[in-house]
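Notes for the structure review
Single-letter residue listing:
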Amino acid sequence: MEPSLDNYKLSCELLGHSMDVRAVAVGAATPEGGQSILSGSRDKSTKVWKPNGNEYFESLTLQDHKNFISFIYFLESEQWICTASNDATICIYKQDGFVPLLTLKGHGSTVCALAGGLEPRSLISGSWDKTARVWTITEAGDVSFLALEGHEAAVWAVATLKEQQKYVTGGADKNIYYWNAKGEKLRLLKGHTDCVRGVMGLDANTLLSCGNDAVLRFWNEDGECVREMNGHTNYIYSMARNRALDDQVVVSCGEDSTLRMWNVITGDELGAPIFHPGISVWSVTCLQNGDIVTGCSDGVVRVFSHVPARQASELILKAFDLEVATRKSQINEEIGGIKKTDLPGPEALLSNGTREGQTKMVRHADGSVKCYSWTLGNWNLDGDVTGGTGGTQLSSGKKLHEGKEYDFVFNVDISDTEPPIKLPYNRGEDPWQAAQTFIHRNNLPQAYLDQVANFIVKNSNSGPVTMEQAPTGYQDPFTGGSRYVPGSSNTNVRSGGNVDPFTGASSYSTASSNAQSQVDVNFVRSGDKHFPVSSYRTFDTCDTKKVLEKMMEFNGKLGPADGRVGEEVLLAVIKLTEQSPELDLTSLEALTLLLRWPASFQFPVLDILRLAVRNEPIFSMLNNSHNFLGTVIPQLTGSAANQLMVVRCLANSLSHATGRQHVMSRLPEIIDLVGAIKTGSANLQIAVSTFYLNLTISQTLNVAKSEVCHVVTSGVVELLKWAKDLEACYRSMQAIGNLTTTSCGQETIAQVVSVDYVMDKLRELTNTPQGENFSKVNTVGQALLAAF
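The paragraphs below set out a description of the structure included in this document. For clarity, every value in this text was computed on a predicted model and none was experimentally measured. (Residues numbered from 1 in each chain as written. Predicted model: local features only at pLDDT ≥ 70, side-chain atom pairs only at ≥ 80, totals over all residues. Heavy atoms only, no water.)

1. Some points on the overall build of the protein
A count of helical and extended segments in the protein gives 19 helices and 40 strands. Here the protein holds 788 residues, and the buried ones make up 54% of them. Considering only contacts within the protein whose residues lie at least 6 apart along the sequence, 52% involve residues at least 24 apart. On the protein, roughly 33,500 Å² of surface is accessible, and the fraction owed to carbon and sulfur atoms is 49%. (Helix = DSSP H or I, 4+ residues; strand = E, 2+ residues; numbered from the N terminus. Buried < 20%, exposed > 50% of the residue type's maximum accessible area, 1.4 Å probe, protein only. Contact = heavy atoms within 4.5 Å. Areas by Shrake-Rupley, 256 points an atom, 1.4 Å probe, with all protein chains shown as cover.)

Dropping the structure here:
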């Protein structure tokens, strides 16, 4: 029987990364005959997972890179774990080692591919700097390298053909090159129509490649592409052989959320694809027992097995199918008439802009869409673009232009030899301001100002005209030509009501006047005013399936005297995770029962609690009847997992008046316990900083109390002494900024300024470019230091 992906089902999910998993690889063999799994993430960590029955446990976390992990390779002959990163380095670890044996430096940009070299103790790497390097490391630790230069763009893929004593590289220039051991070019293969993302040597001197053109190509010994395998609908990021099934079987994964299986000799796809809940399936590898491992943009490592005994329970499989169904429903989601899945990813920001002021919409791994503008030689984040349910260009009557919706987009011809320039305009906008912006962005003479402004006034007041309805009485201000105005007359521009949760700055909204949804598309821009932040931050996301699984696991380990409950109790508690749960006494009683579990079993219960207390009536009943704060606050001295959930619980409690009242009544005790936390994960750092930020918001919205401001400032200062996560530092800076706007502002400034280490850290955070995702740190830091 021919192998088929139809025989594969989810075996287990490995949870531990806080951001998308960019790389997976097979690690060392275990004494029991299994194999470890290696995973690398955008959270800058590499994790080693060791098998335990049909599950895997996290045995080691490596955190020596300064930016995301892009590739992992295990050099079996040396038992080396080799990690490549966006920080342009390669770290080499001995199996089970905590610190790198070596860090290879020399590439000028992200290292995005690794493979073993032709010689012992050697590696080949590919980089965005357009080169590949062959590294050789002596027994004494001396490092030398050979540069392979010839690609005209990033080298995304490398492979070693040991029988032929050759290297192969593939790049963003769409080319595949063969090289000899001396670094000399031997052959060029052309055929891909977009970036080459993977190359793999096969039997009989053949080669397999994949790329952004969504095609796998099979090349014969003579370098001819003799077979194409089509099926993926978007970029293919990774592929791997599954020798346990057959030497001819290869699996692939990509941006279309799928894992697929192929027979490379016949070109047939073997079975239906396995969809994933995340947008991007970044990486795939295969274990010697035939199981398939994937790394996904939802931060989860998944293992799929064709052996029924290794497949997950029906409950877990149904939950996974539900997640996949949700993902499929999102595939056709539109924003401003454009499918989200059709938008480019962050790699679009690697290319320079074509003109000052150019904007791009970019889809990120978390599903968000952000708008960037090209200014002063850099892509700068302008804000988020978010779509309302059902909003499309057709239904909203708007025209999307460079990431924003407009009532009008005029085509303006300024020259017979140049293409028309787009002039966007919204009703309610100052025509002279719009005209001035248009002139500046396109380097036009200032003398055109009145002419353009009057043109806008005349033609925007005449009502929208579609392409099918030829306008009358219209003239282009420069050429006298006709215009194109999309949309319908029932659209309007509305402002107010939308507040950036980080800066408090307002946003503008476009919506149909007769639409049921309040906002169709919001484009959130950060304003000049950073403090005070006035929107409480809450932790709202939860994987209820995994929480339920963990509670069922713990419940099964308990005896009746220890608090074991029936399954109906667990199901009742899950209802409290809803955004607006009903005030159900059965669910509340169930939750109080579970809060009596041993501390080591409580973290999934606390996870549910932090969601439940967002609801003010539920908080009141839990605290008045059961004094839940008195129960959970002591857990701040417990395990890291319990600490995280309790701090999140406290942060969420501050989002309503009743919660603030009760937390404030015990604030000195809470601050002492939270302040005693001196180490922890990025998630814990963010939770602590959010708790402090919410406390400061309460002081900006009411008359500030000196004693509260003092203890909160002390807490934030202590957090900044050890926190490394940029989001945690950002929220800490916001918290300090909030307090500087209160009547206790001078006292807060004096407290912070008196701690040299913290001041040095604030200056470093402010003056060090933080990259596309955290440029907000630089901006808010400048505002904060200006207040000092």
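2. A look at the pairing of strand S11 (residues 122-127)
For S11, a buried count of six out of six residues is recorded, marking the element as mostly surrounded by other parts of the structure. Here S11 shows no split at all, with Ser 122, Ile 124 and Gly 126 on one side and Leu 123, Ser 125 and Ser 127 on the other all buried. The pairing of strand S10 (residues 111-116) with S11 spans five bridges and is classified as antiparallel. Bridge pairing links Ala 113 to Gly 126 in S11. Taken together, S10 and the strand that follows it, S11, pair antiparallel across an intervening segment of five residues, in which Arg 121 is found at a positive phi of about 55°. Strand direction decides the pairing type here: S11 and strand S12 (residues 131-137), joined by five bridges, are antiparallel. From the neighbouring strand, Leu 123 faces S12, where its bridge partner is Trp 135. Turn length for the S11-S12 hairpin, with the two strands adjacent in sequence and antiparallel, is three residues, and the turn residue Lys 130 shows positive phi of about 80°. (Pairing = 2+ DSSP bridges.)

3. Notes on the environment of Thr 326
Along the polypeptide, Thr 326 turns up in helix H1 (residues 314-331). Residue class for Thr 326 comes out partly exposed when judged on its relative accessible area of 40%. For the pair Thr 326 and Gly 278, spaced 48 residues apart in sequence, the C-alpha to C-alpha distance is 10.0 Å.

4. With respect to the sheet that holds strand S24 (residues 258-263)
In space, the four strands of this open sheet follow the order S22-S23-S24-S25, with antiparallel pairing throughout. Each end of this open sheet is capped by a strand with a single partner; those strands are strand S22 (236-241) and strand S25 (274-275). Pairing of S24 with S25 involves two bridges; the strand directions are antiparallel. What sits directly across from Thr 258, in S25, is Phe 275.

5. Some details on the sheet that holds strand S4 (residues 46-52)
An order of S2-S3-S4-S5 is seen for the four strands of this open sheet, with the pairing classed as antiparallel. The sheet is open, and its two edges are formed by strand S2 (21-29) and strand S5 (55-62), each paired on a single side. In this sheet, adjacent strand axes meet at a mean angle of 25° when their direction is disregarded. (Axes fitted to C-alpha atoms, helices over the stretch in contact; angles between N-to-C directions.)

6. As for the packing of aromatic side chains
In this structure the tally under the stated criterion is eleven aromatic pairs. Measuring from centroid to centroid gives 5.5 Å for Trp 135 and Phe 145, while their planes differ by 45°, and the two rings are tilted. Placement of the pair is Trp 135 in strand S12 and Phe 145 in strand S13 (residues 143-149), with a sequence separation of ten residues. An aromatic cluster of at least three residues, connected via ring pairs, comprises Tyr 235, Tyr 237 and Trp 282. Just above the ring of Trp 282 sits the side chain of Arg 22; from NZ or CZ to the centre is 3.8 Å. The ring of Phe 145 is capped by Arg 133, whose NZ or CZ atom sits 3.9 Å from the centre of that ring. (Phe/Tyr/Trp six-rings, centres within 6.5 Å; stacked < 30°, edge-to-face > 60°. Lys NZ or Arg CZ within 6 Å of the ring centre and 35° of its normal.)

7. Regarding the pattern of salt bridges
With the rule as written, the count across this model stands at 28 salt bridges. Lys 545 is the partner of Glu 13 in a salt bridge, and the nearest nitrogen-oxygen pair spans 3.4 Å. Of this pair, Glu 13 sits in strand S1 (residues 9-14) while Lys 545 sits in helix H5 (residues 544-557), and the two are 532 residues apart along the sequence. Each of the two residues, Glu 13 as well as Lys 545, counts as buried. Note that Arg 121 and Glu 139 form a salt bridge whose closest N and O atoms lie 3.6 Å from each other. Residue Arg 121 is found in the loop between S10 and S11, and its partner Glu 139 is found in the loop between S12 and S13; the two are separated by 18 residues along the sequence. The exposure class of Glu 139 is exposed, given its relative accessible area of 68%. Ionic contacts of the salt-bridge type, sharing partners, join the residues Glu 13, Asp 298, Arg 302, Glu 323, Asp 543, Lys 545 and Lys 546 into one network. (Salt bridge = Lys/Arg side-chain N within 4 Å of Asp/Glu carboxyl O.)

8. Some words on unusual backbone geometry
For Lys 44, which is not glycine, the phi torsion reads 80° and is therefore positive. Relative to the helices and strands, Lys 44 resides in the loop between strand S3 (35-41) and S4. A residue is classified by how much of its surface remains accessible, and Lys 44, at 34% relative accessible area, is partly exposed. Here the phi dihedral of Ala 88 falls at roughly 75°; this positive angle occurs in a residue that is not glycine. Mapped onto the secondary structure, Ala 88 falls in the loop between strand S7 (80-85) and strand S8 (89-94).

9. Concerning the packing of helix H14 (residues 682-701) against helix H16 (residues 726-740)
Contact geometry of H14 with H16 gives a least axis separation of 8 Å together with a crossing angle of 15°. Overall, the two elements H14 and H16 adopt an arrangement that is roughly parallel. By crossing handedness, the relation of H14 to H16 is classed as left-handed. From H14, Gln 685, Ile 686, Ser 689, Thr 690, Tyr 692, Leu 693, Thr 696, Ile 697, Gln 699 and Thr 700 reach across to H16, where they touch Glu 727, Ala 728, Arg 731, Ser 732, Gln 734, Ala 735, Asn 738 and Leu 739. (Parallel < 35°, antiparallel > 145°, perpendicular 65-115°, else oblique. Left-handed = near helix turned anticlockwise from the far one by under 90°.)

10. What about the nonpolar core?
Ranked by size, the top nonpolar core spans 87 residues in total, and within it Met 551, Leu 591, Trp 597, Leu 609, Phe 691 and Tyr 692 carry the most contacts. Counting residues per element, this core draws most heavily on H14, at nine residues. Sequence-distant contacts of Trp 597, defined by excluding residues within four places in its chain, comprise Met 551, Phe 554, Asn 555, Leu 558, Asp 562, Gly 563, Val 565, Leu 570, Gln 602 and Val 605. (Core = buried A, V, L, I, M, F, W, Y, C linked by side-chain atoms within 4.5 Å.)

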